[in-house]
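Inside the fold
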Amino acid sequence: MARKTIALSLFWRTFCLLALLLAGGVFAWVQTLRALEFEPRAVESAQQIAGLVNLSRAALQQADGINRVALVKSLGQQGAVRVTPREPGDRWEGFEVDRFTRRVARELRATLGEDAIVARSVNATSGMWVGFSIDGDAYWLQIDDNHTSPLTRSTWFVWIGIALLATLLGSVAIARLINRPLKQLSFAASRIREGDLDSRLDENTLTSEIREVNRGFNRMARELARVEEDRAVMLAGISHDLRTPLARLRLETEMSVSDDEAKRNMALDIDQLDAIIDKFMDYARPGDTEMRPVHVSQLIDREAAGFRDPAQIRIHSRVAIDLKVLADETELGRVFSNLFENARRYGRGTDTGVAEVTISYARTGPWVVLTVRDNGPGVPPEKLSQLTTPFFRGDAARTAATGAGLGLAIVDKAMQRMGGSLELANAPDGGLMAHIRLRRAP
């Protein structure tokens, strides 16, 4: 079984790669900052605590016995820093619980002496406790342990969150800037595919590689436009030049051929050639269209009136009288005419030999989908996508038909000029369905 792969657009691929790169940079930056912040913060905290201890010790040493008791009582009532006597029965827990606290304790002992006691709780009272002695009297200095802790996780999360948010926004901005020329190229290529050969890209962009690509694309578009123009001129010229000899053949047939059967057959052949020339002229017609509201029901009735022979085709319209679409009336009439002609040739029922054609419609948001269906044998599914190719016929039986193979190609081209689309499908119970989609008129 084939492995399923996740399809990402170029924007999201660029965004993910940039986001991973920048997120990795943020992670490395955080680790480096933590490593650089650890040592100075531990030393600074130890020096501040040692300074408080030395200040307290100096103040107590300067006081006599009576004043020392009053001073200790006064310092014991302070909120942030307290000095209390150390009793022999005091119970304390060691301050060293992690790398940071071990570094602070080591620095304090190096400053105050190895006999200094550093605790994180005394008699079940938490805090930063430092034990020192003066003239044989032992004391505790208690301070808030917030001054002796590294940056909290919440602080790191805030910093990392801000950095990641900036990373995501930066990735979006960079990905948009990188992919903007490619998006413009993709849009221009889609316009070329739809027949708009006037699409051009900016040839003065600052990026040299994009500038060269745009210049190459514009040259390609100009060459395609020139080839398309030459092809249209050639087809129109050939078709026009064939009109004169056909007219002479028709006149000579009427005047020179005495056999009525032969005369009728020759006239039919000339009519067939004339119809093929009309197809060439339609296919080579320029792409200018005049879009305006068109009453679909009236146009269908007008085009269906040209197919009067009930022994060959019967057309049934189920389109609402008030339905209007934005289209070129001449082009849309040509679309229905070619669809009816295609159904008359290839969509006849096997039992009656008559092409029963039904036209229905559906409104889907701002669009109208018109469906032209016959009751013929349909087309093999693998050949449906080729039916709009010029000069292609769906099966061997159709090669015997008297057409140029341009009918559905003309329909597809006309729909593109009007901003619509053509979709061909086989009906579930037999027959070919042509779905034409146009914008609904207000």
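This report concerns the structure included in the present document. Model, not experiment: these values are computed from the prediction. (Residues numbered from 1 in each chain as written. Predicted model: local features only at pLDDT ≥ 70, side-chain atom pairs only at ≥ 80, totals over all residues. Heavy atoms only, no water.)

Side note on helix H7 (residues 296–304)
Quick note on the threshold: In this scheme, a residue with accessible area under 20% of its type's maximum is buried, one over 50% is exposed, and one in between is partly exposed, where area comes from a 1.4 Å probe on protein chains only. Starting at the N terminus, helices and strands are each numbered in turn, a helix being any DSSP run of H or I of at least four residues and a strand any DSSP run of E of at least two. What the arc describes is the spread of directions from the helix axis to the C-beta atoms.
Every buried residue of H7 is accounted for by Val296, Ser297, Leu299, Ile300, Glu303 and Ala304. Taken down its axis, H7 places every buried residue within 165 degrees of arc, on the same side.

A closer look at the packing of helix H8 (residues 329–346) against helix H9 (residues 407–417)
The criterion, for reference: An axis is simply a line fitted to the C-alpha atoms; with a helix, the fit covers only the stretch in contact. Between two such axes, the angle follows the N-to-C directions and lies from 0 to 180 degrees. Throughout this description, any angle smaller than 35 degrees is read as roughly parallel, any larger than 145 degrees as roughly antiparallel, any in the 65 to 115 degree range as roughly perpendicular, and the remainder as oblique. Left-handed describes a crossing whose near helix is turned anticlockwise from the far helix by less than a right angle; the clockwise case is right-handed. Whether two residues are in contact is decided by their heavy atoms, any of which lying within 4.5 Å being enough. Residue type decides the class: Asp, Glu, Lys and Arg count as charged, Ala, Val, Leu, Ile, Met, Phe, Trp, Tyr, Cys and Pro as nonpolar, and the leftover types, Gly among them, as polar.
Contact geometry for H8 and H9: axes closest at 9 Å, N-to-C directions at 155 degrees. Considered as vectors, H8 and H9 are oriented roughly antiparallel to each other. For the pair H8 and H9, the crossing hand works out as left-handed. On H9, the residues touching Glu331, Arg334, Val335, Asn338, Leu339 and Asn342 of H8 are Gly407, Leu408, Ile410, Val411, Ala414, Met415 and Arg417. Classifying every residue of the contact of H8 with H9 gives seven nonpolar, three polar and three charged.

Things to note about empty space enclosed by the protein
Put simply, the test is: For cavity detection a 1 Å grid was placed over the protein atoms alone, and a set of points counts as a cavity when a 1.4 Å probe fits there but cannot get out; an open set counts as a pocket when protein lies on both sides within 12 Å along at least five of seven lines, with lining residues being those that have an atom within 4 Å of a point. Grid points are joined across faces, edges and corners, and a volume is the space filled by probe spheres set on the points.
In this structure the tally under the stated criterion is two cavities of 30 Å³ or more. Its volume calculated, the second largest cavity comes out at about 70 Å³. Of all the secondary-structure elements, those providing two or more residues to the lining of the second largest cavity are H8, strand E10 (367–373) and strand E12 (432–439). Looking at the lining of the second largest cavity residue by residue, the class counts come to six nonpolar, one polar and two charged.

What to know about the environment of Gln48
Mapping Gln48 onto the fold places it in helix H1 (residues 10–62). Gln48 gets classed as partly exposed once you look at its relative accessible area, which sits at 42%. Separated by 60 residues in the primary sequence, Gln48 and Leu108 place their C-alpha atoms 9.6 Å from one another.

Here's the deal with unusual backbone geometry
Non-glycine residue Asn123 carries a positive phi angle of around 50 degrees. Tracing the sequence through the fold places Asn123 in the loop between strand E3 (117–122) and strand E4 (125–134).

Brief notes about the sheet that holds strand E1 (residues 81–85)
What counts here: The pairing criterion is simple: DSSP has to find at least two bridges between the two strands.
Ordered in space as E1-E5-E4-E3-E2, the five strands form an open sheet in which the pairing is antiparallel. Of all the strands in the sheet, just E1 and strand E2 (92–94) have a single pairing partner and so form its edges. Between one strand and the next, the sheet's axes are offset by a mean angle of 40 degrees, whatever the strand orientation. The sheet contact formed by E1 and strand E5 (residues 137–143) spans five bridges and is antiparallel. Bridged to Val81 within E5 is Ile143. Packed onto the sheet, helix H3 (residues 99–112) meets E3 and E4 and runs at close to 20 degrees relative to E4.

Notes on the sheet that holds strand E9 (residues 355–364)
Paired through backbone hydrogen bonds, the strands of a sheet run either parallel or antiparallel to each other. Read across the sheet, five strands follow the order E7-E9-E10-E12-E11 without closing on themselves; strand pairing throughout is mixed. Both outer strands of the open sheet, strand E7 (313–317) and strand E11 (421–426), are each paired with one neighbouring strand and no more. Strand-to-strand twist in this sheet, taken as the mean axis angle between neighbours without regard to direction, amounts to 20 degrees. Bridge analysis of E10 against E12 gives seven bridges, and the strand direction is antiparallel. Pairing of Leu370 across the sheet is with Ile436, part of E12.

Considerations on the environment of Arg292
As for its position among the elements, Arg292 is in strand E6 (residues 292–295). Residue Arg292 is classed as partly exposed on the basis of its relative accessible area, which comes to 41%. Distance from Arg292 to Val325, taken between C-alpha atoms, is 7.8 Å for residues 33 residues apart in sequence. Residues contacting Arg292, with those up to four places away along its chain left out, are Val325, Leu326, Ala327 and Glu329.

Considerations on the packing of H7 against H8
Interaxial distance between H7 and H8 falls to 9 Å at its minimum, and their mutual angle equals 50 degrees. Put simply, H7 runs oblique to H8. The element H7 and its partner H8 pack so that their crossing is right-handed. Judged by residue contacts, Val296, Leu299, Ile300, Arg302, Glu303 and Ala304 of H7 engage Glu329, Leu332, Gly333, Phe336, Ser337 and Phe340 from H8. For the contact of H7 with H8, a count of residues per class yields seven nonpolar, two polar and three charged.

Re the side chain of Glu303
Mapped onto the elements, Glu303 comes out in helix H7. Excluding its chain neighbours within four sequence positions, the residues that come into contact with Glu303 are Gly333, Phe336, Ser337 and Phe340.

Quick word on the pattern of salt bridges
Operational definition: In what follows, salt bridge is the name for a side-chain nitrogen of Lys or Arg lying within 4 Å of a carboxyl oxygen of Asp or Glu.
Following the criterion strictly, the structure yields 14 salt bridges and no others. Arg215 is paired through a salt bridge with Glu212; the nearest N and O atoms lie 3.4 Å apart. Note that Arg215 and Glu212 are positioned in helix H5 (residues 208–256) at a spacing of three residues, about one turn of the helix. Note on Arg215: relative accessible area 29%, which makes it partly exposed. The partly exposed category is assigned to Glu212, whose relative accessible area is 45%. The salt bridge involving Arg373 is made with Asp429; its shortest N-O contact spans 2.3 Å. Here Asp429 lies in the loop between E11 and E12 and Arg373 lies in strand E10, a separation of 56 residues in the sequence. By relative accessible area, Arg373 is classed as partly exposed at 26%. One continuous salt-bridge network, built from bridges that share partners, spans Arg292, Arg302, Glu303 and Glu329.

Things to note about a nonpolar patch on the surface
Let me state the cut-off plainly: To count toward a patch, a residue needs a relative accessible area above 30% and no salt bridge. Like charges then connect within 9 Å, nonpolar side chains (Val, Leu, Ile, Met, Phe, Trp, Tyr) within 5 Å. In this description, accessible areas are obtained by the Shrake-Rupley approach with a 1.4 Å probe, and a residue is regarded as covered only by the protein chains that are shown.
There is a patch of nonpolar side chains on the surface, built from Trp29, Val158, Trp159 and Ile162 and spanning about 420 Å² of accessible area. Among the elements that line the nonpolar patch, the one with the most residues is helix H4 (residues 153–193), at three residues. Tracing the backbone shows Trp159 in helix H4.

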